[in-house]
Amino acid sequence: MMKTFSFDTKPFEAMLLGPARAYAALSIDYTEKLLTAQLDTAKAYTDTGLAQARGLLEVRDADGLRNYLEGQQQFAKDMAERLKGDAERVVSLNQDFVQQSQKLAESSLKQTQQAASAKS
């Protein structure tokens, strides 16, 4: 009679598969947030650039040109603020991802240590 081999998958799940799934979920969430931020930024810059181009098409005389050029100062100020805000948003996303990754690693290490001490 052949002896059947039984393999307990719970420790494997706890020490490897569970943390791998959690990290994959965290990575996907981070990627989605980063791509959304990039798409939002690209759309805002595109919309703003097109609005500027349309504004230039409306210039018909010297006064219109002067008004357009004066508006460029506000445009430059707004764009600088937008760039700053977009950069801060990406930095915040990166910091959050690093913090969550560290928490996940610490949790996985704890579970591994507990599983190892339970077998001892």
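Now for a description of the structure that goes with this document.

## Remarks on the overall build of the protein chain
Next up, step 1: Broken down by element type, the protein chain carries two helices and zero strands.
Next up, step 2: Sorting the 120 residues of the protein chain into buried and exposed places 14% on the buried side.
Next up, step 3: Accessible surface, the protein chain: about 9,600 Å² in total, of which carbon and sulfur atoms supply 61%.

## Things to note about the side chain of Thr41
Next up, step 1: Within the secondary structure, Thr41 is located in helix H1 (residues 10-57).
Next up, step 2: Residue Thr41 is classed as buried on the basis of its relative accessible area of 14%.
Next up, step 3: A polar side-chain atom of Thr41 sits 3.4 Å from a polar atom in the side chain of Asp86.
Next up, step 4: Residues contacting Thr41, with those up to four places away along its chain left out, are Arg82 and Asp86.

## Concerning the nonpolar core
Next up, step 1: One finds Leu26, Tyr30, Leu34, Ala37, Leu93 and Phe97 forming the largest nonpolar core, which totals six residues.
Next up, step 2: When residues in this core are grouped by element, the largest group, four residues, is from H1.

## Quick word on the pattern of salt bridges
Next up, step 1: Taken as a whole and judged by the stated rule, the model has six salt bridges.
Next up, step 2: Linking Asp40 and Arg89 is a salt bridge whose minimum nitrogen-to-oxygen distance equals 3.5 Å. Placement of Asp40 in helix H1 and of Arg89 in helix H2 (residues 62-119) is noted, with a sequence separation of 49 residues between them.
Next up, step 3: The partly exposed category is assigned to Arg89, whose relative accessible area is 34%.
Next up, step 4: A salt bridge links Arg66 to Glu70, with the shortest nitrogen-to-oxygen separation between them at 4.0 Å. Linking Arg66 with Glu70, this pair stays in helix H2, spanning four residues, or about one helical turn.
Next up, step 5: For Arg66, a relative accessible area of 43% corresponds to the partly exposed category.

## Overview of the packing of aromatic side chains
Next up, step 1: Applying the stated rule across the entire model yields two aromatic pairs.
Next up, step 2: Between Tyr23 and Phe97, the aromatic rings sit 6.2 Å apart at their centres with planes inclined by 50°, giving tilted as the arrangement. Separated by 74 residues along the polypeptide, Tyr23 in helix H1 and Phe97 in helix H2 bring together distant segments of the chain.
Next up, step 3: A residue is classified by how much of its surface remains accessible, and Phe97, at 17% relative accessible area, is buried.
Next up, step 4: A connected cluster of aromatic rings, assembled from ring pairs, spans Tyr23, Tyr30 and Phe97.
Next up, step 5: Taking the ring centre of Tyr45 as reference, the NZ or CZ of Arg82 above it sits at 5.9 Å.

Cut-off values and rules
- Residues numbered from 1 in each chain as written.
- Predicted model: local features only at pLDDT ≥ 70, side-chain atom pairs only at ≥ 80, totals over all residues.
- Heavy atoms only, no water.
- Helix = DSSP H or I, 4+ residues; strand = E, 2+ residues; numbered from the N terminus.
- Buried < 20%, exposed > 50% of the residue type's maximum accessible area, 1.4 Å probe, protein only.
- Areas by Shrake-Rupley, 256 points an atom, 1.4 Å probe, with all protein chains shown as cover.
- Polar contact = N/O pair within 3.5 Å; in protein donor to acceptor, adjacent residues only side chain to side chain.
- Contact = heavy atoms within 4.5 Å.
- Core = buried A, V, L, I, M, F, W, Y, C linked by side-chain atoms within 4.5 Å.
- Salt bridge = Lys/Arg side-chain N within 4 Å of Asp/Glu carboxyl O.
- Phe/Tyr/Trp six-rings, centres within 6.5 Å; stacked < 30°, edge-to-face > 60°.
- Lys NZ or Arg CZ within 6 Å of the ring centre and 35° of its normal.

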